Amino acid sequence: MDQPFPPTKHTIGAVAPPPSLSIIFPKSYPIIGSNRLQWTTQILQSSPSATFTLHHLFGHRQIFTAKPVNVQHMLKIHFFNYQKGPFFISILFDFLGNGIFNVDGESWKFHKQVSSHEFNTKFLRKFVQTVDTELHDRLIPMFSDAASDKTVLDLQDILQRFAFDNVCKISFGFDLGCLLPSLPQAQFAGAFEDATYISSERFRSFLSIAWKIKRFFNIGSEKRLKIAISQVCDFAKKIVREKKQELADKFSLESVDLLSRFLSSGHSDENFATDIVISFILAGRDTTSAALTWFFWLIYKNPEVEKKFSKKLRRNLICQCLRKLKTWFTHMLLFASA
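Structural notes, computed from the coordinates. (Residues numbered from 1 in each chain as written. Predicted model: local features only at pLDDT ≥ 70, side-chain atom pairs only at ≥ 80, totals over all residues. Heavy atoms only, no water.)

### Here's the deal with the overall build of the protein chain
Applicable threshold: Here a helix means four or more residues in a row that DSSP labels H or I, a strand means two or more in a row labelled E, and each is numbered from the N terminus. In this scheme, a residue with accessible area under 20% of its type's maximum is buried, one over 50% is exposed, and one in between is partly exposed, where area comes from a 1.4 Å probe on protein chains only. Contacts are residue-level and defined by heavy atoms, with any inter-residue pair within 4.5 Å sufficient. Accessible surface is estimated by sampling points in the Shrake-Rupley manner with a 1.4 Å probe; for residues, cover comes only from the protein chains shown.
Scanning the protein chain from terminus to terminus reveals 13 helices and two strands. Split into buried and exposed, the 338 residues of the protein chain put 33% on the buried side. Considering only intrachain contacts with a sequence separation of at least 6, the fraction spanning at least 24 residues in the protein chain is 58%. Carbon and sulfur atoms form 62% of the exposed surface of the protein chain, whose accessible area is close to 21,500 Å².

### Let's talk about the environment of Arg 241
So the rule is basically this: The definition of a polar contact used here is a pair of N or O atoms within 3.5 Å, where within protein one atom must be able to donate a hydrogen and the other to accept one, and adjacent residues in sequence count solely through side-chain atom pairs.
By the element assignment, Arg 241 lies in helix H10 (residues 220-250). Assessed through its relative accessible area of 46%, Arg 241 is described here as partly exposed. With 29 residues separating them in the primary sequence, Arg 241 and Glu 270 have C-alpha atoms 7.7 Å apart. A polar atom in the side chain of Arg 241 sits 3.1 Å from the side chain of Glu 270.

### Section: unusual backbone geometry
Here Ala 50, not a glycine, exhibits a phi torsion of approximately 55°, which is positive. Tracing the chain through its elements places Ala 50 in the loop between helix H2 (36-46) and strand E1 (51-55). For Lys 150, which is not glycine, the phi dihedral falls at a positive 55°. Turning to its location among the elements, Lys 150 is positioned in the loop between helix H6 (121-149) and helix H7 (155-172). Lys 150 gets classed as exposed once you look at its relative accessible area, which sits at 74%.

### Structural notes on the environment of Phe 296
Along the chain, Phe 296 falls in helix H12 (residues 270-301). Residues Phe 296 and Gln 156, spaced 140 residues apart in sequence, show a C-alpha to C-alpha distance of 9.9 Å.

### Structural notes on the layout of surface pockets
Rules: Of the grid points, spaced at 1 Å and generated over the protein atoms alone, those admitting a 1.4 Å probe that cannot get out make up cavities, while open sets with protein on both sides within 12 Å along at least five of seven lines make up pockets; any residue with an atom within 4 Å of a point is treated as lining. Grid points are joined across faces, edges and corners, and a volume is the space filled by probe spheres set on the points. Under the grouping applied here, Gly and all other residues not named as nonpolar or charged are polar, the nonpolar ones being Ala, Val, Leu, Ile, Met, Phe, Trp, Tyr, Cys and Pro and the charged ones Asp, Glu, Lys and Arg.
There is about 740 Å³ of room inside the second largest pocket. Going through the elements one at a time, H6, H12 and helix H13 (303-337) are the ones with two or more residues in the lining of the second largest pocket. Considering every element that reaches the lining of the second largest pocket, the biggest residue donor is H6, with seven residues. By residue class, the composition of the lining of the second largest pocket is 14 nonpolar, three polar and two charged.

### Focus: H6
What counts, and what does not: Each helix should span, by expectation, one fewer than its residue count multiplied by 1.5 Å. Two axes define the bend at a residue: one fitted to the seven residues ending there, one fitted to the seven starting there, and the bend is the angle between them.
Relative to the 42 Å expected for 29 residues at 1.5 Å per residue, H6 spans 41 Å between its end C-alpha atoms, a close match to the ideal helical length. The largest bend in H6 comes to about 40°, at Leu 135. Turning to H6, its buried residues are Phe 123, Thr 130, Glu 134, Arg 138, Leu 139, Met 142 and Ala 146. Looking one or two residues beyond H6, the residue adopting positive phi is Lys 150, at roughly 55°.

### Considerations on the nonpolar core
Here is the rule: Only buried Ala, Val, Leu, Ile, Met, Phe, Trp, Tyr and Cys residues count toward a nonpolar core, and they belong to the same one when joined by side-chain atoms within 4.5 Å.
In terms of nonpolar packing, the biggest core is built from 41 residues, with Phe 164, Phe 172, Phe 188 and Ile 281 touching the most fellow members. In terms of residue count, H10 provides more of this core than any other element does, nine residues in total.

### Here's the deal with H7
Structural remark: α-helix, 3.6 residues per turn; residues separated by three or four positions point the same way. Between its first and last C-alpha atoms H7 spans 25 Å; for 18 residues at 1.5 Å apiece the expected length is 26 Å, and the two agree. The element H7 is largely enclosed, with a buried count of 14 among its 18 residues. Downstream of H7 by a residue or two, Gly 173 has a phi angle that is positive, lying close to 75°.

### Topic: the environment of Asn 70
Summarising the element assignment, Asn 70 is placed in helix H3 (residues 68-77). Sequence separation between Asn 70 and Ala 50 is 20 residues; the distance between their C-alpha atoms is 9.5 Å. Reaching out from Asn 70, the side chain makes a polar contact with the side chain of Thr 65 at a distance of 3.1 Å.

### Some words on a positive patch on the surface
In plain terms, the rule: Exposure above 30% relative accessible area and the absence of a salt bridge qualify a residue for a patch, where like charges join within 9 Å and nonpolar side chains (Val, Leu, Ile, Met, Phe, Trp, Tyr) within 5 Å. The term salt bridge refers to a side-chain nitrogen of Lys or Arg lying within 4 Å of a carboxyl oxygen of Asp or Glu. Neither His nor the chain ends contribute to the count of charged residues, in which Lys and Arg are positive and Asp and Glu negative. The atoms used to mark charge sites are NZ of Lys, CZ of Arg, CG of Asp and CD of Glu.
Taken together, Lys 311, Lys 312, Arg 314 and Arg 315 make up a surface patch of like positive charges. Among the structural elements, Arg 315 can be located in helix H13.

### A word on the packing of aromatic side chains
Two aromatic rings, taken as a pair, are described by how far apart their centres are and by the angle between their planes. This is how the line gets drawn: Here the aromatic set is Phe, Tyr and Trp, taking the six-membered ring for Trp, and pairing holds for ring centres within 6.5 Å; pairs whose planes are under 30 degrees apart are stacked, those over 60 apart are edge-to-face, and all others are tilted.
This structure, assessed with the given rule, holds 18 aromatic pairs. Relative to Phe 192, the ring of Phe 188 lies with its centre 5.9 Å away and its plane at 55°, an arrangement referred to as tilted. Linking Phe 188 with Phe 192, this pair stays in helix H8 (residues 187-203), spanning four residues, or about one helical turn. Look at Phe 188 and you get buried, because its relative accessible area is 5%. Its relative accessible area of 0% is what places Phe 192 among the buried residues.

Here it is, written out as structure tokens:
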């Protein structure tokens, strides 16, 4: 049985491949003009342990792993042994503030308790209804029209819009309409995309001092990041204020979106509410769209699996139709007997 590496800093450093295996790894570092994601993926594929340590200048290092038992070890079994730390938090603080994805220890535990309390059956039922509406009213008609007209769609962009509409409805109770037939580019969606991308670029900076200098002088990517974060926060805080005003006028909020539930339960601090909702949008946006994009790509690459899916879907649709027909027939009999 596979065993994860022990949760100690000393042992973590030992997960780097031994020198005798170094010949199987790419020699060049992707500093300029190279695809770092592909580079690290190749190393992980070549590593017997699917885990390696990347050493940077000045003693900084990163651990990469693609081994499920390691991921479970770090994110579930021994989660509290692997805190984010000041390096991680400082990079994302401008964007995520003190949201759940950017805090450690007791702060993280508090966020988790507050969030877990709000995810009850009623909220999850509303979540399913929201996704179902977006699916049937927008996504399926768009795919159907594209198939009829033989139009080429950017599937990743379409699924990002689908996920963003859903997560904003669930988090804010606000419909951005990113998946409308005209495929509009909402300012909030564009700003959120820029803020996410530029913030993640800080991790890939050759020297961390580089992005800090740009931020200090407000130039280049850091200037664009500042503008994007300002637009995201202004929009989020505007929604928070509107919800708080609605709560003050009605003493309760009828909507069951995440923000309304937080405010109704007494967590009315504007910055807290903004940080936590931005974090949930980040959690639900790229993860969902990326998973769906890869799912369709894998289906395309494996026709035999596609046939099995189609067969099962057709069988399930027939069963659903028969159940609906049975219900309709029963109602007719009851109506006739009355």
